[in-house]
Amino acid sequence: MRPALGAFFQRLPVESYVIAFTILLWLALAFLAPNFLTEGNIANMMRQVSVSAIIAIGVLCTIVIAGIDLSVGSVAAFCGVLVAQLFSHGFGLALAIAITFVVGALVGLVNASAVDKLGIPAFIVTLAGLQVYRGFALLISGGMTVAGVPQSIKDFARGSLLGLPNLFLTMLAVALTVHYVLGYTRTGRYLYALGSDAEAARRQGIPVFRIVATAYMLSAGLATLGGVLLVARLSVASPSMANAYELQAIAAAVVGGASLFGGRGTVLGAVAGAVLFTTMGNGAVLLDIDPFWEMVLEGLLIALVVYLDNLQKKRLSGA
Amino acid sequence: MVKRAVLLAGAALVALTAAAPARAADSVAVIVKATTSEYWQWVFKGAEAAGKELGVKVEELGSPKDDAAAQISILEGAAGKKPAAIVIAPTIFEALGEPIAAVSGAGVPVIVIDSGAKTDKYASFLTTNNEAGGKAAADAMAQCIKERSGKAAGKVAFITAMAGHESLDSRDKGFKEGIAVYPDLKVVGNRVANNEEAQGMSLTDDMLTKDADLAGAFADNAQMGTGAGAAIVEKKLGSKFCLVAFDADAGELEHLKDGSIYALIIQDPYMMGYAGVWYGYAAAHGARLPKFVDTGVGAVTKANMADPAFAGLLDVSKRKLAPFTGN
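The numbers attached to residues start from 1 for each chain and follow its sequence in the written order. Key to labels: chains lettered from A, ligands numbered from 1, both in the order written. Local features in this predicted model are restricted to residues of pLDDT 70 or higher, and side-chain atom pairs are both shown and tallied only at a pLDDT of 80 or more, whereas totals for entire chains, interfaces and linings draw on every residue.

### Here's the deal with the overall build of chain A
Inclusion rule: Where helices and strands are cited, they refer to DSSP runs of H or I of at least four residues and of E of at least two residues respectively, numbered from the N terminus. To get the radius of gyration, use the C-alpha atoms; to get the globule rule, take the number of residues to the power 0.38 and multiply by 2.2 Å. A residue is called partly exposed when the number of other C-beta atoms within 10 Å of its own lies between 12 and 20, exposed at 12 or fewer, and buried at 20 or more, with C-beta atoms placed from the backbone. We call two residues in contact when their backbone-placed C-beta atoms lie within 7 Å.
Regarding its fold elements, chain A presents 14 helices and two strands. Over its C-alpha trace chain A gives a radius of gyration of 20 Å, about what one expects of a compact globule, namely 20 Å for 319 residues. With respect to the three principal axes, the spread of C-alpha positions in chain A is 65 × 60 × 35 Å. The proportion of buried residues among the 319 residues of chain A is 49%. Look at the contacts in chain A between residues 6 or more apart in sequence, and 80% of them connect residues 24 or more apart.

### Topic: the interface of chain B and chain A
Condition: Throughout this entry, Asp, Glu, Lys and Arg are counted as charged residues, while Ala, Val, Leu, Ile, Met, Phe, Trp, Tyr, Cys and Pro are counted as nonpolar. The remaining residues, Gly among them, count as polar.
Taken together, the contact between chain B and chain A spans 35 residues of the former and 32 residues of the latter. Counting residues per element, the ones that place at least two in the side of chain B that touches chain A are helix 2 (38–54), strand 7 (185–192), helix 7 (197–210), helix 8 (222–234) and helix 9 (250–257) of chain B. It is helix 7 of chain B that provides the largest number of residues to the side of chain B that touches chain A, a total of ten residues. Its residues assigned to classes, the side of chain B that touches chain A comprises eleven nonpolar, 13 polar and eleven charged.

### Some remarks on the domain arrangement of chain B
Residues and elements named next belong to chain B. Spelled out, the test is: What fixes the domain bounds is an automatic or database domain assignment.
We note that the domain assignment places domain 1 (5–128 + 268–296) and domain 2 (130–266) within chain B. Contact with domain 1, which involves ten residues of that partner, is made by twelve residues of domain 2. Residues of the side of domain 1 that touches domain 2, tallied by class, amount to three nonpolar, four polar and three charged.

### Describing the pairing of strand 2 (residues 57–61) of chain B
All names here are of chain B. What counts, and what does not: Note: two strands are recorded as paired if DSSP finds a minimum of 2 bridges between them. By convention, a crossover is right-handed whenever its connection, traced from the first strand over the helix to the second and viewed with the strands pointing away, goes clockwise.
Across five bridges, the pairing between strand 1 (residues 27–31) and strand 2 is parallel. Bridging from a neighbouring strand, Ile31 pairs with Leu61 of strand 2. Considered for its hand, the β-α-β crossover made up of strand 1, helix 2 and strand 2 is right-handed.

Next comes the structure, spelled out in structure tokens:
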């Protein structure tokens, strides 16, 4: 490759590959599937991507500090069931949601404490969480689907403002907020610093526990939000909700340019990754691709995007 | 509607329970497919009721998700404790055959419920005829389409909750065969999910995008029914689209009431748990049991959901099932 072109690729932001890929896929689908570029389908995709993007943004925060959060799917189910149980036991809308978010934040604090204070690897802590919180979801629901969700929050999940679904606007608000925190605040700089070199960060006097707690509380808090929105969308809470969402979220962040070794990753990338997966799912149905082949193709696409991204990283490091 | 064929064994049991007092150590292990689903909680509730009547301890077992390997370990662990009997709903037909045969061979009677396994070494098999359920779904859908458009004609699709599950495959087969009876109805799509509600919702959205003139869809379990119902509410298609779903959990009932689900094909999981424990107990005491019992299916619509015949099937708290001996 000519040096100028090489330099150009090196200057590309980390999320370029996933965005380019997604746009290519959109173009292909617009050409192949007559109903792809319709207002209805675009609104569908906006609703479908919202919850998974919100959860992916949370997980991204833990990946940035070289951690991981495998408990998000279970936390979404647990907090979703919790909020529905609170509703059905007569708690008011605001109070039920407030209690649920406090519980969600506590989950994050517990994860952060186990990782930072007890020194247990994040993978193990949150793998345990994956089991524990799914168990809690089952316990507080008795294994049953929980109804009794107030009409107002169902209407919120189904409604839209200025032509954009409320769910999507919520996701945008979350994305912009976390984007700002990561990119433009001291906390954000510390998150990346901790992920790049934990030892150096400690020596420079970065308040490590506070930063670790921020990452895991954001992750659990956004999983909680995802769970509440899922319940609003489905009209009920079920302990089987959000099954395997942690894998989707991690895949979205990584396809979006985040490094599992920490220090790298953006909100834009994670959202683009989530959009890519939603597009693939949507496209597979519109093109009537065999569901089993769909799984294979999705896996291969993840591998391809990450491979291209790695090529760029290698060039960056001069290898 | 829901058959009480299980009662046939009742007479045999009366004599039997009188003759053989329960041993103190008697317990029956009940192993379900996935503890995260309301359907299996109904099985447990039925099993508990039977346990109480018989004075045996009912051990409620199962992994949170459908997982054949985990279920085999649970089965082996339960058999190791030498219970009076084991009641099991096999997750995967092929995988659970050998392990069930081994447990039977070791002298613990096994009652298979809900789904089959690749063996004939069990004491009895209590199940819904899933194929008949699928056919009932096709008939309900045809009726709905006819009610709304004047003619049973158009495109329909179905959503499979998970790949490779004998009971789901039978429902789908029954549905396809049931639709084939109507010359103007055509199955145009099938998607397979990961048994997660929101995915059932997205697949329904997307199938409606692909075929905007889709007249109806069949969701083959409760998770898919809840998700598909939510998609139809969101699109406000309840009065036009004919959604038929299997089972009746709180989510599906909500969508039956709000009109987004036209009909629910209901089974009798409570009876499977209840009769499963009774049968296990009977088998442990040497009773000969029918090899196959159909616990029945029925179709519930918004119009007939208040029918008292369905009360105990739609809400377990209203279930009144006298012990076989008292009937």
